[in-house]
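Residue strings, one per chain:
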Amino acid sequence: MKNAVFNKLRNLDAYPKVNEDFFSRTLSGGIITLVSSLAILLLIFSEFRSYLHTVTETNLLVDTSRGQTFQINFDVTFPAIPCTLLSVDTMDISGEQHLDIKHDIVKKRINDHGDVIESRPDGIGAPKIEKPLQRHGGRLEKDETYCGSCFGAEQSDDDCCNSCEEVRDRYRQKGWAVTNADLIDQCKREGFFERIKQEDGEGCNIHGSLEVNRVAGNFHFAAGKSFHQSNFLFDDLLSFQKDSYNISHKINSLAFGEYFPGVVNPLDGGQWTHKTSNGMYQYFLKVVPTIYTDIRGRTVNSNQYSVTEHFKDLEFISPNSHPGVYFYYDFSPIKVTFKEEHISFLHFITNICAVIGGIFTVAGIIDSFVYHGQRKIKKKAEIGKFR
């Protein structure tokens, strides 16, 4: 019974053996075996490298997320606008707006050659001198608490403006322009207007980040501190306002969200040189939400964007328009996901088997062709001798 089972299994052998006495080894066969073995080793090494490296799978999905915020990271250089006159504003279609933003923003004064003169967080000015002017009109004494005047822009009877920035904020909220700098004690003491004059002819590098709502909107760099009045932006530095602003600029970097491998920000390194009078340089950005998952499972929620650009000469548009560089962004309804993955181990084994089996099969065909070709040539040669 056992022998019968073994005989049946023996009959299923797909690899019948040949006695070594019937083998015929040839030089061509040895060369083909050596070459095919080297080819197998090379391809196995290549497959192993592919197995160790990650592949990125890309998918497109409808973006259903809402009610979120996102971060805009920027680094822009204005070679002809002083830092004190440069402000950053944001607004979106939901009605939220932030004017003259200072949080998380750093300005660097630069000279004509692009060298940094001074670097400081925005909003920090010169130290206050002693005995500032009190709200009641007298000078600060030792035992008194300082409460500076807002020069008519107080929001309440006990409202105090203890710095030039606070005075300008109150004026901005009232919609007033600061036209007589000599009357503002805080700005005189802090050297605000002297600093503007001192920075005349300088440029500014401004970099930082903005946290904004995830809806369509814009952010812009305006030449002159701005405030809001009847839905239009104006200068509050009228006494130092020029007839035109040179809005030449270089975008060192602009990103919507965190960095992830392979991201391309098309505006990085972009530069535009001012050639006409006052104008608005506009960038229209289509932001594509992107989720990147690396091989360790760490997920990065970021964005990519495409851009078109346009220049508007203020001579031919509304007189209420403000010179500056504007970035208008809107969101794509499609979300892109990138996921890093390894080739599966079974796929790797399958490829190895295919390499070994394929090369041995092709090598066998070549060896058979060479062997039988040599025999036929040899036979013809022997027949030719007998004749």
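Reading guide: rules and limits
Residues numbered from 1 in each chain as written. Predicted model: local features only at pLDDT ≥ 70, side-chain atom pairs only at ≥ 80, totals over all residues. Heavy atoms only, no water. UniProt positions renumbered as here; feature names shortened; annotations may be inferred. Helix = DSSP H or I, 4+ residues; strand = E, 2+ residues; numbered from the N terminus. Contact = heavy atoms within 4.5 Å. Buried < 20%, exposed > 50% of the residue type's maximum accessible area, 1.4 Å probe, protein only. Expected span 1.5 Å × (residues − 1). pLDDT = per-residue confidence, 0-100. Disulfide = S-S within 2.5 Å.

In the nomenclature of an unreviewed UniProt entry, the protein chain is known as Endoplasmic reticulum-Golgi intermediate compartment protein 3-like of Hibiscus trionum. Per UniProt, the comment on the protein chain under Subcellular location (unreviewed entry) is "Membrane".

Student: I'd like a description of the overall build of the protein chain, backed by residues and values.
Tutor: If you tally the helices and strands in the protein chain, you get six helices and 16 strands. Partitioning the intrachain contacts of the protein chain with sequence separation of at least 6 by distance along the chain shows that 73% fall at a separation of at least 24.

Student: How would you summarise the environment of Pro333 if you had to cite specific residues and measurements?
Tutor: For Pro333, the location among the structural elements is in the loop between strand E15 (324–331) and strand E16 (334–342). On the basis of relative accessibility, which here comes to 56%, the residue Pro333 falls in the exposed class. In the structure, Pro333 is positioned 46 residues away from Val287 in sequence and 9.4 Å away in space, judged by C-alpha atoms. Apart from residues lying up to four places away in sequence, Pro333 is in contact with Leu61, Val62 and Asp63.

Student: Got a sec to walk through helix H2 (residues 27–52)? Specific residues and values, please.
Tutor: Between the first and last C-alpha of H2 there are 38 Å, a value that for 26 residues agrees with the 38 Å anticipated at 1.5 Å per step. Inspection of H2 places Ser28, Gly29, Ile32, Ser36 and Ile40 among the buried residues, and these make up the whole buried set.

Student: Break down the confidence of the model for the protein chain for me, citing the residues and quoting the values.
Tutor: Across the protein chain, the average pLDDT comes to 79, with 79% of residues at or above 70. Strand E10 (residues 232–235) is the least confidently modelled element of the protein chain, averaging 38 in pLDDT, while strand E11 (residues 249–256) averages 95, the highest of any element. For the stretch residues 124–129, pLDDT sits under 50, and the model shows nine contacts to residues farther than four places along the chain or on other chains. Counting contacts from residues 226–243, a segment whose pLDDT is below 50, to residues more than four positions away or on other chains yields 58 contacts.

Student: Describe the side chain of Arg170, and please don't skip the residues or the numbers.
Tutor: Following the sequence through the fold, Arg170 ends up in helix H3 (residues 164–174). Not counting the four nearest positions on each side in its chain, Arg170 is found in contact with Cys150, Ala153, Gln155, Asp159, Cys160 and Cys161.

Student: A description of the UniProt feature "transmembrane region" (unreviewed entry) in the protein chain should follow, citing residues and the corresponding values.
Tutor: Taken from the UniProt record, the annotation "transmembrane region" (unreviewed entry) applies to residues 27–45 and 345–370. For residues 345–370, helix accounts for 100% and strand for 0%, while the C-alpha atoms at its two ends are 37 Å apart.

Student: Please set out the state of the cysteines residue by residue, giving values where relevant.
Tutor: Here, the word disulfide means a covalent bond between the sulfur atoms of two cysteines. Counted under the stated rule, the structure contains three disulfides. Note that Cys83 is cross-linked by a disulfide to Cys204, the S-S spacing being 2.2 Å. Linking Cys83 and Cys204, the disulfide has an S-S dihedral of approximately 100° and is accordingly described as right-handed. Highlighted residues: Cys83 in the loop between strand E2 (69–78) and strand E3 (86–92) and Cys204 in strand E7 (residues 203–213), separated in sequence by 121 residues. Judged by its relative accessible area of 1%, Cys83 is buried.

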